[in-house]
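Spelled out, the chains give:
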Amino acid sequence: MIVELIRLLITLALMAVGYKLGPTIKPSDPETARVLAAIIGTGTGYVLGGVVGRLFRSSLDTMPKSIVARSTGPELFAGAFGIIVGVFIGLVVALPFVVFLPAEIGVPIAVLVVLMLAVAGARLFVGRADEILAATGLRRRGGLVSRSPSDAGFLLDSSAAIDGRVLNIARLGLLRGRVWVPGFVIDELQGLADATDSDRRRRGRRGLDVIEALRDVPEADVAVLEDTVPGIDEVDGKLVAIAGREGFTIITTDHNLSQATAARGIEIINPFSLADAMRAPVAVGDQVHVSIRRSGTEPGQGVAFLDDGTMVVVEEASKLVGEDVEVEVTATTRTAVGRMVFGRLVG
């Protein structure tokens with residue numbers, strides 16, 4: 001559409017130029033000269049207008065994408081503001097053409113200049129929506145935005161969303177950069193939320209709720225990443241591929257995904273490991289009050305948990321399932337999935 005408008009305006013301008021210059025070329029027959037010159041100007045304008053229009057459209061394609069059906073409110077605001085600025089600058093630039101050229105020549109050129117600057121202003125300002133909002137004292141609420149490879153940041157995994165501790169990390173201001181939520185991760189959580197199994201449904205809804213809450217954290221810059229990796233169906237594989245390609249840091253509590261990313265040299269943030277590292281230590285010789293939940297894997301062992309979720313393996317407690325006991329800590333160890341405490345019954 002923009003190519004045809006530019007072609008039309010340039011054709012009209014050159015047709016008017018030919019009509020005006022015709023008598024000067026052949027004074028003996030001015031009317032015939034006007035017609036011939038106008039025809040030549042029209043043909044030249046049609047060809048030249050197509051070339052200029054396509055060049056202008058290709059230059060726009062190198063700018064951020066313009067207003068589309070799924071544009072956000074900030075992008076619409078920035079685009080409208082860009083059109084206003086472009087029209088204003090276009091009027092200033094086009095004024096000499098209207099003043100110093102005949103109306104039939106100056107007006108099409110002026111309209112062409114205003115149109116091109118308005119479209120360019122809209123494209124340019126849409127790509128700078130965040131900066132424009134910041135300049136006006138506003139802030140983009142995390143949503144669907146165009147992906148830019150230069151926007152380094154974090155890639156959120158579904159396991160971290162379900163875990164929920166990423167909210168506390170964001171509120172502490174530890175996520176410096178944009179937090180990208182891949183569209184396929186949202187689809188995975190939506191599938192869990194629609195599952196018939198109540199546990200899977202609860203996990204899916206919790207993950208979606210955490211993402212929604214994360215978008216409202218003032219310290220976090222959250223956006224949905226609409227990207228895919230052809231040939232890879234698994235969510236973990238897509239996360240690793242995108243993170244490796246764009247230099248993102250993956251936020252996940254999935255132990256297997258953490259190992260896969262580490263093997264490829266990709267940085268990760270594990271909220272579970274971070275919280276585990278910040279826990280108050282339980283030292284050997286301390287006494288803790290726990291409830292035996294189930295039998296252990298070895299004969300005679302009972303399994304309990306501290307308030308922070310740390311597993312406690314208690315000797316000779318397999319017959320005390322469901323009872324509260326006092327346990328003396330005999331050893332602690334750190335495993336790939338977290339910390340474990342070993343103890344024996346007091347008395």
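Residues numbered from 1 in each chain as written. Predicted model: local features only at pLDDT ≥ 70, side-chain atom pairs only at ≥ 80, totals over all residues. Heavy atoms only, no water.

A. Region of the structure containing the overall build of the chain. Counting secondary structure elements, the chain contains twelve helices and eleven strands. Counting over 347 residues, the chain shows a buried share of 40%. The contacts of the chain with a sequence gap of at least 6 include a subset with a gap of at least 24, amounting to 65%. (Helix = DSSP H or I, 4+ residues; strand = E, 2+ residues; numbered from the N terminus. Buried < 20%, exposed > 50% of the residue type's maximum accessible area, 1.4 Å probe, protein only. Contact = heavy atoms within 4.5 Å.)

B. Representation of a nonpolar patch on the surface within the structure. Judged by side-chain polarity, Phe 88, Ile 89, Val 92, Val 93 and Leu 117 come together as a nonpolar surface patch covering roughly 440 Å² of accessible area. It is helix H3 (residues 73-100) that provides the largest number of residues to the nonpolar patch, a total of four residues. Mapped onto the fold, Leu 117 is located in helix H4 (residues 103-126). Residue class for Leu 117 comes out partly exposed when judged on its relative accessible area of 31%. (Patch = residues over 30% accessible without salt bridge, like charges linked within 9 Å, V, L, I, M, F, W, Y side chains within 5 Å. Areas by Shrake-Rupley, 256 points an atom, 1.4 Å probe, with all protein chains shown as cover. Salt bridge = Lys/Arg side-chain N within 4 Å of Asp/Glu carboxyl O.)

C. Spatial organisation of the packing of helix H8 (residues 183-193) against helix H10 (residues 235-246). As a packed pair, H8 and H10 sit with axes 10 Å apart at the nearest point and diverge in direction by 160°. The orientation of H8 relative to H10 falls into the category roughly antiparallel. Of the two possible hands of crossing, H8 and H10 adopt the one that is left-handed. Contacts between H8 and H10 involve Phe 184, Val 185 and Glu 188 from the first element and Val 235, Lys 238, Leu 239 and Ile 242 from the second. Looking at the contact of H8 with H10 residue by residue, the classes come out as five nonpolar, no polar and two charged. (Axes fitted to C-alpha atoms, helices over the stretch in contact; angles between N-to-C directions. Parallel < 35°, antiparallel > 145°, perpendicular 65-115°, else oblique. Left-handed = near helix turned anticlockwise from the far one by under 90°. Nonpolar A, V, L, I, M, F, W, Y, C, P; charged D, E, K, R; others polar.)

D. Looking closely at the pattern of salt bridges. Under the defined criterion, the tally for this structure stands at six salt bridges. The shortest N-O distance in the salt bridge between Asp 163 and Arg 165 comes to 2.7 Å. What makes Arg 165 partly exposed here is its relative accessible area of 24%. The salt bridge involving Arg 245 is made with Glu 246; its shortest N-O contact spans 3.2 Å. On the accessibility criterion, Glu 246 (13% relative accessible area) is buried.

E. How the structure looks around helix H11 (residues 255-263). Of the positions making up H11, those classed as buried are Leu 257, Ser 258 and Thr 261. Down the axis, H11 shows its buried residues gathered within 105° of arc, on one side only. Exposed residues pointing more than 90 degrees away from the buried face of H11 are listed as Asn 256, Ala 262 and Ala 263. Where H11 is buried, its residues contact H10, strand E5 (249-251) and strand E6 (268-269). (Arc of directions from axis to C-beta.)

F. A look at the environment of Val 314. Position of Val 314 relative to the elements: it lies in strand E9 (residues 311-315). Along the sequence, Val 314 and Gln 301 sit 13 residues apart, while their C-alpha atoms lie 5.6 Å from each other. The contact partners of Val 314, leaving out residues within four places of it in the chain, are Ile 292, Gly 300, Gln 301, Gly 302, Val 327, Gly 343, Arg 344 and Leu 345.

G. The arrangement of the packing of H8 against helix H9 (residues 198-215) in detail. Across the interface, H8 lies against H9 with an axial gap of 6 Å and an inter-helix angle of 140°. Here H8 is positioned oblique relative to H9, judged by the angle of their axes. The handedness of the crossing between H8 and H9 is left-handed. Of the residues in H9, those touching H8 at Ile 186, Leu 189, Gln 190, Leu 192 and Ala 193 are Arg 200, Arg 201, Gly 204, Arg 205, Gly 207, Leu 208 and Ile 211. Residue composition of the contact of H8 with H9, grouped by class: six nonpolar, three polar and three charged.

H. Quick look at the side chain of Lys 238. Here Lys 238 is to be found in helix H10. Once residues within four sequence positions are removed from consideration, Lys 238 is found in contact with Phe 184, Thr 228, Val 229, Ile 232 and Asp 233.

I. Structural context of H10. Along its twelve residues, H10 runs 16 Å from first to last C-alpha, staying within 8% of the 16 Å computed at 1.5 Å per residue. Buried-residue contacts for H10 involve strand E2 (153-156), strand E3 (178-182), H8, strand E4 (221-225), E5 and H11. Gly 247 sits one or two residues past H10 and shows a positive phi near 80°. (Expected span 1.5 Å × (residues − 1).)

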